[in-house]
Amino acid sequence: MILIKTSRLPVIGRLVRYIANAYGRSKHGGYLITRSEAKQIINISNGVWLAPCSCRSAFNNCDIPVMTEIVISAGKEVYSRKKGTRSITKEEAISVIEKYRDKKVIHTVMHCQGLFYAICTCCPCCCVPYRLKKEYGVGQALIRNSDIVEEFRRQTEAESNI
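Definitions and limits used
- Residues numbered from 1 in each chain as written.
- Predicted model: local features only at pLDDT ≥ 70, side-chain atom pairs only at ≥ 80, totals over all residues.
- Heavy atoms only, no water.
- Helix = DSSP H or I, 4+ residues; strand = E, 2+ residues; numbered from the N terminus.
- Rg over C-alpha atoms; globule rule 2.2 N^0.38 Å.
- Buried < 20%, exposed > 50% of the residue type's maximum accessible area, 1.4 Å probe, protein only.
- Contact = heavy atoms within 4.5 Å.
- Areas by Shrake-Rupley, 256 points an atom, 1.4 Å probe, with all protein chains shown as cover.
- Lys, Arg positive; Asp, Glu negative; His and termini not counted.
- Charge placed at Lys NZ, Arg CZ, Asp CG, Glu CD.
- Pairing = 2+ DSSP bridges.
- Axes fitted to C-alpha atoms, helices over the stretch in contact; angles between N-to-C directions.
- Parallel < 35°, antiparallel > 145°, perpendicular 65-115°, else oblique.
- Left-handed = near helix turned anticlockwise from the far one by under 90°.
- Nonpolar A, V, L, I, M, F, W, Y, C, P; charged D, E, K, R; others polar.
- 1 Å grid on protein atoms, 1.4 Å probe; cavity = no way out; pocket = protein on both sides within 12 Å on 5 of 7 lines; lining within 4 Å.
- Points joined across faces, edges and corners; volume = space filled by probe spheres on them.

**Observations regarding the overall build of the protein chain**
Working step 1: A tally of helices and strands in the protein chain yields seven helices and seven strands.
Working step 2: Going from the N terminus to the C terminus, the protein chain shows its helices and strands as α-β-α-β-α-β-α-β-α-β-β-α-β-α.
Working step 3: Here the C-alpha radius of gyration of the protein chain, 16 Å, is about what a compact globule of 162 residues would show, namely 15 Å.
Working step 4: Here the protein chain holds 162 residues, and the buried ones make up 43% of them.
Working step 5: A separation of at least 24 residues holds for 72% of the contacts in the protein chain among residues at least 6 apart in sequence.
Working step 6: Of the roughly 8900 Å² of accessible surface on the protein chain, 55% is carried by carbon and sulfur atoms.
Working step 7: Across the protein chain, the mean location of the 25 positive side-chain charges is 9 Å away from that of the 14 negative side-chain charges.

Below, the structure written as structure tokens:
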């Protein structure tokens, strides 16, 4: 977030946004998902874990609790070393999604180099992909894909066949 502030500079801002969008498209970014899609992804996942939300841990701009990041599939290897991460049932994961339905939260499924690794229930004031898109014009940081559940299903099936 510190480096992206240079996107507001007149001369290099355009280049910074171009690089950030390319990175979001190909390396690391998020997909905006509905509550229903989040539940479907949880049910398809090979396991779920609860971890501290990376965005709120860093920014803590509001009173929504930090423990709302649901680690899925490929994310287990990375998050298992993150303090506070614990295995939960799919029912518990779905209750995290439902718990904040009356708050102004957004649900995202995050990917890194083509692998989905977490569903985050975050607030617009802390969510890094949301802020990159809305405040800094990095449109590829958070996009919508109406076929996201099927993409996750295909990835999960491929992981199961390894």
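**Side note on the pairing of strand β6 (residues 115-122)**
Working step 1: Within β6, seven of the eight residues are buried, leaving the element largely enclosed by the surrounding structure.
Working step 2: Here strand β3 (residues 69-72) pairs with β6 via three bridges, running antiparallel. Each residue of the ladder has a partner; that of Ile70, found in β6, is Ile119.
Working step 3: The pairing of strand β5 (residues 106-112) with β6 spans seven bridges and is classified as antiparallel. When the sheet's bridge partners are listed, Ile106 is paired in β6 with Cys122.

**Some remarks on the environment of Lys134**
Working step 1: Within the secondary structure layout, Lys134 lies in helix α6 (residues 128-136).
Working step 2: Counting along the chain gives 26 residues from Lys134 to Ser160, while the straight-line C-alpha distance between them is 37 Å.

**What to know about the sheet that holds strand β4 (residues 86-88)**
Working step 1: Spatially, seven strands are ordered β4-β2-β3-β6-β5-β1-β7 in an open sheet, and the strand pairing comes out mixed. Each edge of the sheet is formed by a strand with only one pairing partner; in this case those strands are β4 and β7 (142-144). With direction set aside, neighbouring strand axes in the sheet form an average angle of 35°.
Working step 2: Strands in contact with helix α2 (residues 35-44) are β1 (28-33), β2 (48-51), β3, β5, β6 and β7; relative to β1, the strand with the most contacts, it is inclined by about 115°.

**Focus: the packing of α2 against helix α5 (residues 90-99)**
Working step 1: Axis separation between α2 and α5 bottoms out at 10 Å; the angle between their running directions is 165°. If you check the angle between α2 and α5, you find them roughly antiparallel. Of the two possible hands of crossing, α2 and α5 adopt the one that is right-handed. From α2, Arg35, Ala38, Lys39, Ile42, Asn43 and Ile44 reach across to α5, where they touch Lys90, Ala93, Ile94, Ile97 and Glu98.
Working step 2: Tallied by class, residues from the contact of α2 with α5 come to six nonpolar, one polar and four charged.

**A word on the layout of surface pockets**
Working step 1: A volume near 610 Å³ is recorded for the largest pocket.
Working step 2: Forming the boundary of the largest pocket are 27 residues, of which Tyr23, His28, Val128, Pro129 and Leu132 lie nearest the centre.
Working step 3: Broken down by secondary-structure element, the contributors of at least two residues to the lining of the largest pocket are α1 (13-26), β1, α3 (54-59), β5, β6 and α6.
Working step 4: Per element, the largest residue contribution to the lining of the largest pocket is five residues, and it comes from α1.

**Focus: the pairing of β2**
Across a regular strand the side chains alternate sides, sitting on one face of the sheet and then on the other.
Working step 1: Side-chain alternation along β2 places Val48 and Leu50 on one buried face and Trp49 and Ala51 on a second face that is also buried.
Working step 2: With four bridges joining them, β2 and β3 adopt antiparallel strand pairing. Opposite Trp49, over in β3, you have Val71 as the bridge partner.
Working step 3: Alignment of β2 against β4, held across three bridges, turns out to be antiparallel. If you follow Trp49 over to β4, its bridge partner there is Ser87.

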